[in-house]
Amino acid sequence: MSLLQLDKIAAAPWGEPVLADISLSLPAGRVLAVLGGNGAGKSSLLRLVAGDIAASRGRASFAGQALGDWPRRQLATRLACLPQFSSLSFPFSVEEVVLLGRTPHSSGRQQDRLIAQQAMQATDTLGLRHRLYTQLSGGERQRVQLARVMAQILDRCDQGCLLLLDEPTTALDLNHQQQLQATVADLAGRGCAVLLVVHDVNLAAAMADQLLVLDRGRCAAQGSPGEVLTPALFRDLFHADVLIGEHPDGGRPLVISR
Amino acid sequence: MPSTAASRPGGALTTRVDRRPQLARRLLLALALILPLSMLLALGSGAVTLAPGEAWAALLGQADAQANLIVQQLRLPRVLLAAITGATLAVSGAAMQGLFRNPLADPSLIGVTAGASLGASLLIVLGGGLLPGLPGLTLISLAAFAGGALAVLVVYRLASSETGTSVATMLLAGIAITSLAGAAGSLLEFLADNEHLRRISLWKMGGLDGATFSRLGVAAVVGGALLIALPRYATVLNTLLLGESEARHLGIDVERRQRGIILWVAVGVGTSVAMVGTIAFVGLVVPHLVRLLIGPDHRVLLPASALAGAILLVLADSLARVVLAPTELPVGIITAMVGVPFFISLLRQRRHFGMTP
């Protein structure tokens, strides 16, 4: 059974349609990457699933129940969202920020600390835990926010939960990009579905089981990385001339600029 | 391994942040001890000075008749009113700064103070200031409360649409309504005669000299409710610091909770302005100060701000009574004159506390 199901979703939060006729089905434990140019509607799709913008048409359901019918707090124990930007400007310590991810739970201090610690370990932020968030670099902040959203759902992975990541790698160095890749794979292995927006097509091909390519709010291509990533797609959509090779390790598609 | 705290020049800060929870507990304890002491000190100060021991005896009715009368009937309601007002203003300020995610916010931002001032000025100019009101409430107080409530209502309506309430719009609407009410107030002052003008300006400076047990009763009921209600929003405010969508993603009913906070602040500050006039500085600076010391976690910030606000106003009011005794200074002058240098000295060291602007 799919955890997240969208049927012919459309959205027009500011009058102009930003999403039209999007359907997708994401089972537990699977990773879906959303690709597309700037303004293609990638973030809007994530924000729609997160409940920030409403669908004007179609049906969106999570674990068999319409998204809008979920009690907010209950949903928050199983659906977490890492936004593209973060505006936190108050001097919380890193540990305090990560612990905020436990807000929807009432699992007790002990358990919360344990889970926060696991999340910080996975994002390599444990050493920063007594630092002030406001004094961190961009990449460090991004990892702390990732630890926060991980802490939100880490103990519910086996019940089927969904993690939304909006460009989680933009500020990360190569080391931490790979770490994120491993973390996403680990979460998926535990039963968490992941829906993420990335710009790096090779990263998307390496991480995701399914790709969804958006073009001006509509679905331009959808399927496994092998099916979706073709020279034609890059020519039509990105006006780019590329070679599609095969990754030496694992055989996933590898996109090389010509 | 990426940089850890120890390998950074800022590593010295780790111990401090590390010790924040302990520091917070100690600060709460210290403030809870200082508050009764400062109240005792305040009971003893004024035109007739009493040592804390004498003040305590008079409070229990064991001093001479004059001291008993002064302490029990005159100073006690005043000191309690100062404590409640200080706590109300400081805790409201802390909540507003969290709600607007801006350490420069203060309770007056949503228009309540300017609206209340206009309400009071209007009544004074129309000559209603001399009429009796309800027990415990002069007509001026009622007009101030009505003015404050009306201003908040207008601000709230301006910031609300069918898609919800925007806090950013509310900030702008608050500034606009504050300016409008200020201009209307200036017009009234321009038209007022000298007698009215002096009364308006004295009212605006704020003072606790009108404290009676019936006034205290009103302030205590509203202030008490506020001090119980606002700390329940601590976790909500913590998540709101992350951002409104982030709070929503964490399962918070953002709209409803924001409305709750605004309502409580409007009622609390509206009442306090109606009772003692405008007292600037406390609502802005006390939470700021406390945050510098123990960080932005509202679970300790709100109670600690309330205690610190109470202490500040109690002490400022006792100073106001003795500096030019037997004349009393408006307490707002004292809060600013004593508080600002202290605050500036802290600002100069704020790097040590990890505050960005």
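That block above? That's the structure.
Residues numbered from 1 in each chain as written. Chains lettered and ligands numbered in written order. Predicted model: local features only at pLDDT ≥ 70, side-chain atom pairs only at ≥ 80, totals over all residues. Heavy atoms only, no water.

A. Representation of the interface of chain A and chain B in the model. Taken together, the contact between chain A and chain B spans 38 residues of the former and 36 residues of the latter. Between chain A and chain B, roughly 3100 Å² of surface is buried when both sides are summed, and carbon and sulfur atoms account for 59% of that area. Our count for the chain A to chain B interface comes out at three salt bridges. A salt bridge links Arg20 of chain B to Glu96 of chain A, with the nearest nitrogen and oxygen atoms 2.9 Å apart. Summed over the shared surface of chain A and chain B, the result is five residue pairs in polar contact (both at pLDDT 80 or more). Contributions of two or more residues to the side of chain A that touches chain B are made by α2 (72-76), β6 (79-82), α3 (94-100) and α5 (138-153) of chain A. Among the elements that take part in the side of chain A that touches chain B, α5 of chain A stands out by supplying five residues, more than any other. (Contact = heavy atoms within 4.5 Å. Buried area = accessible area lost by both parts, 1.4 Å probe. Salt bridge = Lys/Arg side-chain N within 4 Å of Asp/Glu carboxyl O. Polar contact = N/O pair within 3.5 Å; in protein donor to acceptor, adjacent residues only side chain to side chain. Helix = DSSP H or I, 4+ residues; strand = E, 2+ residues; numbered from the N terminus.)

B. Fine view of the packing of aromatic side chains. Residue and element names in this part refer to chain A. Scanning all chains against the criterion turns up two aromatic pairs over all chains. Look at Phe234 and Phe238: their rings are 5.7 Å apart centre to centre, the planes differ by 35°, and that puts the pair in the tilted class. Remark: Phe238 and Phe234 occur in helix α9 (residues 231-238); sequence separation between them is four residues, near one turn of the helix. Note on Phe234: relative accessible area 5%, which makes it buried. Judged by its relative accessible area of 30%, Phe238 falls in the partly exposed class. (Phe/Tyr/Trp six-rings, centres within 6.5 Å; stacked < 30°, edge-to-face > 60°. Buried < 20%, exposed > 50% of the residue type's maximum accessible area, 1.4 Å probe, protein only.)

C. Up close: the sheet that holds strand β9 (residues 210-215) of chain A. Residue and element names in this part refer to chain A. Spatial ordering of the open sheet is given by β6-β7-β8-β3-β9-β10, a layout of six strands whose pairing is mixed. Each of the sheet's edge strands pairs with one partner strand only, and the pair in question is β6 and β10 (218-223). Strand after strand, the sheet turns through a mean of 15° between neighbouring axes, direction not considered. Against the sheet, α5 engages β6, β7 (161-166) and β8 (192-197), with an angle of about 175° to β6. Helix-sheet contacts for α9 involve β3 (31-36), β9 and β10, and the interaxial angle to β9 is about 25°. (Pairing = 2+ DSSP bridges. Axes fitted to C-alpha atoms, helices over the stretch in contact; angles between N-to-C directions.)

D. View of the packing of helix α2 (residues 20-44) of chain B against helix α13 (residues 282-294) of chain B. Residue and element names in this part refer to chain B. Taken N-terminus to C-terminus, the directions of α2 and α13 make an angle of 135°; their axes are 9 Å apart at the nearest point. Here α2 lies oblique to α13, going by the angle between them. Residues Arg20, Leu23, Ala24 and Leu27 of α2 form the contact with α13, whose own contacting residues are Val290, Leu293 and Ile294. For the contact of α2 with α13, the residue count by class is six nonpolar, no polar and one charged. (Parallel < 35°, antiparallel > 145°, perpendicular 65-115°, else oblique. Nonpolar A, V, L, I, M, F, W, Y, C, P; charged D, E, K, R; others polar.)

E. Spatial organisation of a nonpolar patch on the surface. A cluster of nonpolar side chains, namely Leu319, Val322, Val323, Leu324, Met337 and Val338 of chain B, defines an oily patch on the protein surface of about 510 Å² accessible area. Structurally, the position occupied by Leu324 of chain B is in the loop between α14 (298-322) and α15 (331-348). (Patch = residues over 30% accessible without salt bridge, like charges linked within 9 Å, V, L, I, M, F, W, Y side chains within 5 Å. Areas by Shrake-Rupley, 256 points an atom, 1.4 Å probe, with all protein chains shown as cover.)

F. Seen up close, the side chain of Ser121 of chain B. All names here are of chain B. With respect to the secondary-structure elements, Ser121 resides in helix α5 (residues 112-125). Ser121 sits in the buried class, given a relative accessible area of 2%. With near-sequence residues (within four places) excluded, Ser121 lies in contact with Leu188 and Ile200.

G. Molecular detail of the pattern of salt bridges. What the rule picks out here adds up to 17 salt bridges over all chains. For Asp52 of chain A, the salt bridge is made with Arg248 of chain B, and the minimal N-O distance between the two is 3.4 Å. Of this pair, Asp52 of chain A sits in the loop between α1 (42-50) and β4 (57-62) while Arg248 of chain B sits in helix α11 (residues 244-249), on two different chains. Close ionic contact of Asp155 of chain A with Arg102 of chain A constitutes a salt bridge, the shortest N to O distance being 2.9 Å.

Function cannot be inferred from these measures alone, as they are strictly geometric.
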